[in-house]
Amino acid sequence: MLVQDMSMERNWEMLDRNGYPRFCALDYHAAAVLVASDQPYRFVYDSERPVVGPEPKPTESESVEPPAAWEQFPFRWTQTPDEVNVTFDKHKDVQYRVVCEPSSGPNEPSLLQVFANDTVVIDGAQLFAAIDHDSTTWSMDPKLFDIAMRKQQPGVMWPFLFPGAPDEAVPEGGDASRPPPDVDLPPAPNLSAPLEPCDFESGQDTYYTLERLSAADHTVTHTASLGHGPPLFAVTLRAGLPATFATRHDVDACLWQLQPVPLGAEDCRLQHEGTLHAFGYVQASKRQQKYLGCAPDLGYGVVCESHRGVYLYKGSYGASGAGLRNRTGAQVTIGQHQFVSLKDVGEVLGIACENDVLILLAEKAILALQLTVE
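Residues numbered from 1 in each chain as written. Predicted model: local features only at pLDDT ≥ 70, side-chain atom pairs only at ≥ 80, totals over all residues. Heavy atoms only, no water.

1. Things to note about the overall build of the protein chain
Line of reasoning, step 1. A tally of regular secondary structure across the protein chain gives three helices and 27 strands.
Line of reasoning, step 2. Out of the 374 residues in the protein chain, the part that is buried amounts to 32%.
Line of reasoning, step 3. Long-range pairs, those at least 24 residues apart, make up 49% of the contacts in the protein chain between residues at least 6 apart in sequence.
Line of reasoning, step 4. Total accessible area on the protein chain stands at roughly 23400 Å², and carbon and sulfur atoms take up 52% of it. (Helix = DSSP H or I, 4+ residues; strand = E, 2+ residues; numbered from the N terminus. Buried < 20%, exposed > 50% of the residue type's maximum accessible area, 1.4 Å probe, protein only. Contact = heavy atoms within 4.5 Å. Areas by Shrake-Rupley, 256 points an atom, 1.4 Å probe, with all protein chains shown as cover.)

Below you can see the structure in the form of structure tokens.
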């Protein structure tokens, strides 16, 4: 993506990996670039200041951590409601031993450590729960080294042996007589509540953010989360100001304007400029939308299709905004939804929204729709 500041004759080139920008604008004084996307953007070229790349990552030999003790001397473990069993496969060059010392006082813990050569593979202080050291036994034969540790609280199934330990070994076919650990149980569903579309939003793995990338040092100074939905559209509310972008909030569309900051200040402030009530609901119901927009005075919103037509939406009907009134006195505003059919003009290539006129650029014509003032 190429960004150019015409007033300063300065070019920037920005690169992302997979996504594309849903909103892009220069802030005040052209001191930074604001980009909204589902992927991070970074500077790769600046015509005035060279872009310094990130520090080199450590080599593989420097970044690789030493293997854990149980990876050097592997074992497997199983459990019953009453005890935990650990089994090592013996090797000729490895000496196994167990250090089990009773408590030296009423407030002193007991000691249990399993060594392979001089390395502590299992430390009793890190076990998931306490064990009965007096009942701990171990045995050895030419091929195996077994340790049996009795649980102090029988009936409790351990989800792990100790933090970072290998998973519990499950015999082939499983053990139907043993109940699964509580941590593996899914939450009980509420079968009486019907599913809504919002119940499936948690399955979406795409998140959008608005980032401010400074032109001074090419770093990200501010990041704002936009959730699962990208900006709906951008519009210039007042001449000379950066573009305002709209985001969907429930059934509405909220417009956010970047605020001016002192020259040289690395700051980013957004202000809520207005709301297109129920426009998010209207936009979500249109499946063939190509362009979205609104008037600078927020008098109407537009959903434009590529060929068929244009939807115009006004939040209030009539110049006075008159609506229905309940007996209790609360006024109900009526919105207005109109459809303008397009014929023999080809594909719509762009739109421009003004307060009283909507201009459409099509393949075969330029159309100006005069909005009726009631």
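2. Quick look at the packing of aromatic side chains
Line of reasoning, step 1. Throughout the structure, instances matching the rule amount to 10 aromatic pairs.
Line of reasoning, step 2. Both rings, one in Phe75 and one in Phe162, keep their centres 6.4 Å apart while their planes meet at 40 degrees; by these two values the pair is tilted. In this pair, Phe75 sits in strand 6 (residues 75–79) while Phe162 sits in the loop between strand 12 (144–151) and strand 13 (208–214), placing the two residues 87 residues apart along the sequence. When sorted by exposure, Phe75 lands in the same class as Phe162, which is buried.
Line of reasoning, step 3. Where Phe88 meets Tyr96, the ring centres are 5.2 Å apart and the plane angle is 45 degrees; that geometry is what we call tilted.
Line of reasoning, step 4. Here Tyr96 falls in the buried class, since its relative accessible area comes to 9%.
Line of reasoning, step 5. Between the NZ or CZ atom of Arg97 and the centre of the ring of Phe115, over which it lies, the distance is 4.1 Å.
Line of reasoning, step 6. The residue whose ring lies beneath Lys286 is Tyr311, and the NZ or CZ to ring-centre distance is 4.7 Å. (Phe/Tyr/Trp six-rings, centres within 6.5 Å; stacked < 30°, edge-to-face > 60°. Lys NZ or Arg CZ within 6 Å of the ring centre and 35° of its normal.)

3. Thoughts on a nonpolar patch on the surface
Line of reasoning, step 1. A cluster of nonpolar side chains, namely Leu349, Ile359, Leu361 and Ile366, defines an oily patch on the protein surface of about 360 Å² accessible area.
Line of reasoning, step 2. The residue Ile359 is located in strand 26 (residues 357–362) in this model.
Line of reasoning, step 3. Classification of Ile359 as partly exposed rests on a relative accessible area of 34%. (Patch = residues over 30% accessible without salt bridge, like charges linked within 9 Å, V, L, I, M, F, W, Y side chains within 5 Å. Salt bridge = Lys/Arg side-chain N within 4 Å of Asp/Glu carboxyl O.)

4. So, the pattern of salt bridges
Side-chain pairing between opposite charges can occur once the charged atoms of the two side chains come close.
Line of reasoning, step 1. Inspection of every chain in the model, using the stated rule, returns nine salt bridges.
Line of reasoning, step 2. The shortest N-O distance in the salt bridge between Glu211 and Arg42 comes to 3.3 Å. Note that Glu211 is positioned in strand 13 and Arg42 in strand 5 (residues 42–46), a separation of 169 residues in sequence.
Line of reasoning, step 3. In this structure Glu211 comes out as buried when scored by relative accessible area, which is 10%.
Line of reasoning, step 4. Since its relative accessible area comes to 38%, Arg42 is described here as partly exposed.
Line of reasoning, step 5. In this structure, a network of salt bridges that share partners links the residues Asp27, Arg212 and Glu266.

5. Section: unusual backbone geometry
Line of reasoning, step 1. Phi at His218 is positive, roughly 65 degrees, even though this residue is not glycine.
Line of reasoning, step 2. One can find His218 in the loop between strand 13 and strand 14 (220–227).
Line of reasoning, step 3. For Asp250, which is not glycine, the phi torsion reads 60 degrees and is therefore positive.
Line of reasoning, step 4. By the element assignment, Asp250 lies in the loop between strand 16 (244–249) and strand 17 (252–258).
Line of reasoning, step 5. Taking the relative accessible area as the measure of exposure, Asp250 reaches 60% and is therefore exposed.

6. Topic: the environment of Leu298
Line of reasoning, step 1. As for its placement among the helices and strands, Leu298 is situated in the loop between strand 19 (289–294) and strand 20 (301–305).
Line of reasoning, step 2. In this structure the C-alpha to C-alpha distance between Leu298 and Gly274, which are 24 residues apart in sequence, comes to 7.5 Å.
Line of reasoning, step 3. Residues within four places of Leu298 in sequence aside, it is in contact with Leu237, Leu255, Glu273, Gly274, Thr275 and Leu276.

7. Details of the pairing of strand 11 (residues 131–140)
Line of reasoning, step 1. By the bridge criterion, six bridges tie strand 11 to strand 12 in an arrangement that is antiparallel. Within strand 12, the residue paired with Thr137 across the bridge is Ala148. (Pairing = 2+ DSSP bridges.)

8. Quick look at the sheet that holds strand 21 (residues 309–314)
Line of reasoning, step 1. Strands sit in the order 19-20-21-24 across an open sheet of four strands; the sheet is antiparallel. Here the strands that pair on one side only, and so sit at the sheet edges, are strand 19 and strand 24 (336–341). Neighbour-to-neighbour, the strand axes of the sheet open up by a mean angle of 15 degrees, direction not taken into account.
Line of reasoning, step 2. Here strand 21 runs beside strand 24; their pairing, made up of six bridges, is antiparallel. Bridged to Gly309 within strand 24 is Ser341. (Axes fitted to C-alpha atoms, helices over the stretch in contact; angles between N-to-C directions.)

9. Quick look at the confidence of the model for the protein chain
Line of reasoning, step 1. The share of residues in the protein chain with pLDDT of 70 or more is 75%, and the mean pLDDT across the chain is 79.
Line of reasoning, step 2. Averaged over each element, pLDDT in the protein chain is lowest for strand 22 (residues 324–325) (53) and highest for strand 25 (residues 348–353) (93).
Line of reasoning, step 3. Segment residues 176–196 is flagged for pLDDT under 50; beyond a separation of four residues in sequence, or across chains, it makes eight contacts in the model.
Line of reasoning, step 4. In this model, residues 198–203 is a region of pLDDT below 50 whose contacts with residues beyond four sequence positions or in other chains number three contacts. (pLDDT = per-residue confidence, 0-100.)

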